[in-house]
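Per-entry structural report
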Amino acid sequence: MRHEELNRARLGRAEPPHSPPGRPEPHTAERPGTGAQSGRVGASTAQPGAEPPPPVEPLLSCPTCAGPVGGSTARLLSALRASESRFRAAFADAGIGMALIDADDRIIEANPAFAAMLGREPSDLARTHIYEIIEPEDTPRRLYRDLVQGKRDRLRVEKRLKHRDGRSVWSKVTLSLIRDGAGHPLYTLAMVEDVTEQRLLGDRLAYQALHDPLTRLPNRTLFFERLEAAFLAVGARTDRTPGRPPNGTGPGKANGSGSANGSAKGATNGSGQVAANGAANGAARGGPQGVAQAADGERHPRIGLCYLDLDGFAVINETLGHHVGDQLLVAVAARLESGFARGERQLVARLGGDEFAVLITDSEGSEQLTSLAGRLIKSLEKPFEIGGHRLAVTASVGVVERPVEGTSPTDLLKDADSTLYWSKADGRARWTLYDPARGAHQLTRQLLSTALRPALERGEFIVEYQPLVGLSDGLVHGAEALVRWRHPRYGTLSPDRFIPLAEESGAIVPLGKWVLEESCRQARRWLAEFPDADTFVSVNLAARQIWDSDVVADVAEVLDRTGLPAGLLQLEITESALLGPGGRPIQALQALADMGIRIAIDDFGTGYSNLAYLSRLPVHVLKLDGTFVEAFRDAGTTGLPGGRSASPDPDGARARRTEADEQIVGAMVQLAHALGLTVTAEGIENAAQAERLRLTGCDTAQGWYFAKPGDAEIVADMLRECLPD
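A few points on the structure. Predicted model, so just to flag it, every value in this text is computed and none were measured.

**What about the overall build of the protein chain?**
In terms of helices and strands, the protein chain carries 21 helices and 23 strands. By residue count, 44% of the 725 residues in the protein chain fall in the buried class. Excluding contacts between residues fewer than 6 apart, the proportion of contacts in the protein chain whose partners are at least 24 apart in sequence is 63%. Accessible area of the protein chain: about 36,600 Å², with a carbon and sulfur share of 52%.

**Remarks on the nonpolar core**
Core analysis: the largest hydrophobic core is formed by 58 residues, its most contacted members being Tyr 465, Trp 485, Trp 526, Val 555, Leu 569, Leu 571 and Ile 597. Broken down by element, this core gets its largest block of residues, nine residues, from helix H14 (residues 508-529). With residues up to four places along the chain from it excluded, the contact list for Trp 485 reads Leu 448, Ala 451, Leu 452, Ala 455, Glu 460, Phe 461, Gly 491, Thr 492, Leu 493 and Phe 498. Of all hydrophobic cores here, the second largest spans 33 residues; its members include Val 332, Phe 356, Leu 369 and Ile 386.

**Considerations on unusual backbone geometry**
Positive phi outside glycine occurs at Arg 127, with the angle close to 65°. Mapped onto the elements of the fold, Arg 127 is located in the loop between helix H4 (122-125) and helix H5 (138-148). Of the residues examined, Arg 127 reaches a relative accessible area of 47% and is grouped as partly exposed.

**Topic: the sheet that holds strand S10 (residues 355-360)**
Each strand in a sheet pairs with another by means of backbone hydrogen bonds, the pair being arranged parallel or else antiparallel. Pairing is mixed in the open sheet, where five strands are placed in the order S9-S10-S8-S13-S14. The outermost strands of the open sheet, each flanked by one partner alone, are strand S9 (346-352) and strand S14 (431-433). Here the strands of the sheet are splayed against their neighbours by 20° on average, with no regard to which way each runs. Of the strand pairs in this sheet, strand S8 (residues 302-310) and S10 are connected by six bridges, and their pairing is antiparallel. Counted as the bridge partner of Gly 304 is Ile 360 from S10. Contacting S8, S9 and S10, helix H7 (residues 220-232) crosses the sheet at an angle of about 135° to S9.

**Regarding the sheet that holds strand S6 (residues 168-179)**
The strand order across the open sheet built from five strands is S4-S3-S7-S6-S5, with neighbouring strands paired in antiparallel fashion. At either margin of the open sheet sits one strand with a lone partner, and together these are strand S4 (107-110) and strand S5 (154-162). Neighbour-to-neighbour, the strand axes of the sheet open up by a mean angle of 25°, direction not taken into account. Relative to strand S7 (residues 185-194), strand S3 (residues 97-101) runs antiparallel, the two being bridged by five bridges. The residue of S7 that forms the bridge with Leu 100 is Leu 189.

**Remarks on the packing of H14 against helix H21 (residues 712-721)**
Packed helix pairs are specified by the crossing angle of their axes together with the interaxial distance, meaning the distance between the axes. Running from N to C, H14 and H21 point in directions that differ by 25°, and their axes come no closer than 11 Å. Relative to H21, H14 is oriented roughly parallel. With respect to the hand of their crossing, H14 and H21 are arranged in right-handed fashion. Contacts from Gln 522, Trp 526 and Glu 529 of H14 reach H21 at Ala 712, Val 715, Ala 716, Leu 719 and Arg 720. Grouping the constituent residues of the contact of H14 with H21 by class yields five nonpolar, one polar and two charged.

**Some remarks on H7**
Along an α-helix, residues three or four apart share an orientation, since each turn contains 3.6 residues. For H7, built from 13 residues, the straight-helix expectation of 18 Å at 1.5 Å per residue is met to within 8% by its first-to-last C-alpha distance of 18 Å. Every buried residue of H7 is listed here: Arg 220, Leu 222, Phe 223, Phe 224, Leu 227, Glu 228, Ala 230 and Phe 231. For H7, the capping residue at the N-terminal end is Asn 219, with a side-chain oxygen 3.2 Å from the backbone nitrogen of Thr 221.

**So, a nonpolar patch on the surface**
Among the surface-exposed residues, Ile 108, Leu 186 and Tyr 187 lie close enough to one another that they form a single nonpolar patch of about 250 Å² accessible area. By the element assignment, Leu 186 lies in strand S7. With relative accessibility at 43%, the residue Leu 186 sits in the partly exposed group.

**A look at helix H11 (residues 409-425)**
End to end, H11 covers 24 Å across 17 residues, agreeing with the expected 24 Å (1.5 Å per residue, within 8%). The element H11 is largely enclosed, with a buried count of twelve among its 17 residues. Within H11 the residues assigned to the buried category are Pro 409, Thr 410, Leu 412, Leu 413, Asp 415, Ala 416, Ser 418, Thr 419, Leu 420, Trp 422, Ser 423 and Lys 424. Taken together, the buried residues of H11 touch H7, S8, S9, strand S13 (395-403), S14 and helix H12 (436-458). One or two steps after H11, the chain reaches Gly 427, where phi turns positive at roughly 130°.

**Some thoughts on the environment of Ala 687**
In this fold, Ala 687 is placed in helix H20 (residues 687-696). The spacing of Ala 687 and Tyr 705 is 18 residues in sequence and 7.1 Å in space, taken between C-alpha atoms.

**Some words on the side chain of Arg 402**
In this fold, Arg 402 is placed in strand S13. For Arg 402, the side chain forms a polar contact with the side chain of Thr 407, separated by 3.2 Å. Aside from chain neighbours lying at most four places away, what touches Arg 402 is Arg 302, Ile 303, Thr 407, Asp 411, Leu 412, Asp 415 and Tyr 434.

**Describing the pairing of S8**
Of all nine residues in S8, nine are buried; the element is thus mostly enclosed. Where S8 meets S13, nine bridges bridge the pair, whose relative direction is antiparallel. Bridging across to S13, Asp 309 finds its partner in Ser 396.

**Re the pairing of strand S20 (residues 598-604)**
Of all seven residues in S20, five are buried, a share of seventy percent or more. Inspection of the sheet shows S20 paired to strand S21 (residues 621-624) by three bridges, in the parallel sense. What sits directly across from Ile 601, in S21, is Leu 622.

**A word on the pattern of salt bridges**
On inspection of all chains with the given rule, the structure shows 33 salt bridges. One salt bridge in this structure joins Arg 350 and Asp 212, with 2.9 Å as the shortest N-O distance. Highlighted residues: Arg 350 in strand S9 and Asp 212 in the loop between helix H6 (196-210) and H7, separated in sequence by 138 residues. Residues Arg 350 and Asp 212 agree in their burial class; the two are buried.

**Observations concerning the environment of Asp 594**
Mapped onto the secondary structure, Asp 594 falls in helix H18 (residues 584-594). Look at Asp 594 and you get exposed, because its relative accessible area is 60%.

**Considering the packing of aromatic side chains**
Aromatic ring pairs: the centre-centre distance and the angle between the two ring planes describe each pair. Taken as a whole, this structure holds seven aromatic pairs when the rule is applied. When the ring centre of Tyr 434 is taken as reference, the NZ or CZ atom of Arg 402 above it lies at 5.4 Å.

**A closer look at the packing of helix H9 (residues 322-340) against helix H10 (residues 366-379)**
Relative to each other, H9 and H10 sit at 140°, their axes nearing to 10 Å. Between H9 and H10, the interaxial angle falls into the category oblique. Here H9 and H10 pass one another in a crossing that is right-handed. Only Leu 372, Arg 375, Leu 376 and Ser 379 of H10 make contact with H9, whose side of the interface consists of Arg 335, Leu 336 and Phe 340.

Conventions used here
- Residues numbered from 1 in each chain as written.
- Predicted model: local features only at pLDDT ≥ 70, side-chain atom pairs only at ≥ 80, totals over all residues.
- Heavy atoms only, no water.
- Helix = DSSP H or I, 4+ residues; strand = E, 2+ residues; numbered from the N terminus.
- Buried < 20%, exposed > 50% of the residue type's maximum accessible area, 1.4 Å probe, protein only.
- Contact = heavy atoms within 4.5 Å.
- Areas by Shrake-Rupley, 256 points an atom, 1.4 Å probe, with all protein chains shown as cover.
- Core = buried A, V, L, I, M, F, W, Y, C linked by side-chain atoms within 4.5 Å.
- Pairing = 2+ DSSP bridges.
- Axes fitted to C-alpha atoms, helices over the stretch in contact; angles between N-to-C directions.
- Parallel < 35°, antiparallel > 145°, perpendicular 65-115°, else oblique.
- Left-handed = near helix turned anticlockwise from the far one by under 90°.
- Nonpolar A, V, L, I, M, F, W, Y, C, P; charged D, E, K, R; others polar.
- Expected span 1.5 Å × (residues − 1).
- Polar contact = N/O pair within 3.5 Å; in protein donor to acceptor, adjacent residues only side chain to side chain.
- Patch = residues over 30% accessible without salt bridge, like charges linked within 9 Å, V, L, I, M, F, W, Y side chains within 5 Å.
- Salt bridge = Lys/Arg side-chain N within 4 Å of Asp/Glu carboxyl O.
- Phe/Tyr/Trp six-rings, centres within 6.5 Å; stacked < 30°, edge-to-face > 60°.
- Lys NZ or Arg CZ within 6 Å of the ring centre and 35° of its normal.

Following this line, the structure appears as structure tokens:
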């Protein structure tokens, strides 16, 4: 009875302690060969001719007391031993590591695969504490405790194991709890898979995803991850998906951070010298923008960014080849990294092309950033030896420094990009600190540029006219058309506020065509009302209208549609646009002149001033730039000989300047007349000024002295005054 109960306990069965009725106790069975003819239930005396009885199953011994067992218990023990044999074979021959661990965290037994994974023998691991071969960690350790205590049945973790030679073995570990028949924890089965190669491959892929393949610096993605982390650390707002750069922002170049440098800029090398700590850009405007310690004693985290771009890098690509450009980028990156990378706090990254950034995640104020910018520029002054070439490199740096609170990663990078653009525009080879007022002005420019074409469709533009008056007869000869923008938010804007934007964006082409048609239509009305006056209209023509459209066809179409004679249209083009490279402007103007249209050079004397062109160009009028008659604008001038002023002029400087300007204007007028051209002066503000210009031989003039720009009725009123009674 005791043997059977022990077997049932081992097998976890709950059979009753006694055999079923009619079955003798197992110990009454006789062993085969003892001569007994009957002694077990079902035995019978052999009869002649009867079939032989079935073979008798061998009796098994109890593993505890060595007593004989039989029947169902024997079959269960046999199945148990077969199961154990299969488990042992699977345990020993498994391709993954396996180990049995007791409740004290010591290895009971390990299979050869697990031992080989650690460079050991299976026997070496017996009774080894698991923390001798595995790095303990808080969270997995707590979860493992829950498993050992029976609070969970399975646990999967990725752990780093210790190899015998000291290296790390990355593994995926699955832990399963083995319980006894009563459900209590007995031991733990660990199944371990070596994933070191996959882990190393993943690390390599992660490194490649976060580092520039050419320079090995952190790339744009890692830069934005660190930038986001700096904001998230203080609970500041972010405005994009972590790990991805903001859309529509970032540096002005679209090229990524691949192995090719990809620079597409056409800038030339700057040659400005930069003194340390901001001498190149003056001082930091307004001094430091703040300190890390607030007035209330609470420390508010700040962040700073130096956004660096190489000057004239495109020239190196174009002249020496992209392979030299790539090598230069590698050398620049190495110099920046060795000199300015400071772990997590100060990150040096390549954002793309020839653009680099230094991110300070816990800055101490703008002085720290401007000092850093000066040192960045200074570090690049030493020439680079690249492929047998000695290359001198300069850089422009945009600097932004501010509290983390109240800004965002997008705003920070956008302002840094704007500041870098200002640094380039201010002369290159210098740093520029972000100026909120200048940033607001740039934002306004961007808003205006975006709204130009829709404003034209909504009819927000108007044309005003300023009379052109003959200095010899005082009659109105014509009027210049000046476009104005009646902006719903900013009010009436003068041309200097939006014409440059229109030229940059290409909106000048449709806008210029609209102004031309409106002006020609108005000149046709003047002709209908004053047929004997021959009043012409003068319209400004942008160089981009010549390059981006068929201006000859456009003008011919407008004249045909409005009915204005070609002789009553004057087109003004600046000297720099007319005499610039390429022959297309000259060909177009020649075709226009052949149609009978008057051609005027606007702002003459401020561009190329190549007088040899005047004899070969289809030009009819020279409009003198206002700077040449500026000395004539002294309100106290009384028209004394030599242009002397009644106001005090102790050293005679004003008188000498006035006399020199008169000589220059007189010489240009004589030259123009010798070439058969007429001369118009701009900016006349008083009678004395008009009289002196008349004495120099100037033909026509315009300015506030005659009339301010206004609607077409102002010109009509002046024409009526000139009519004979």
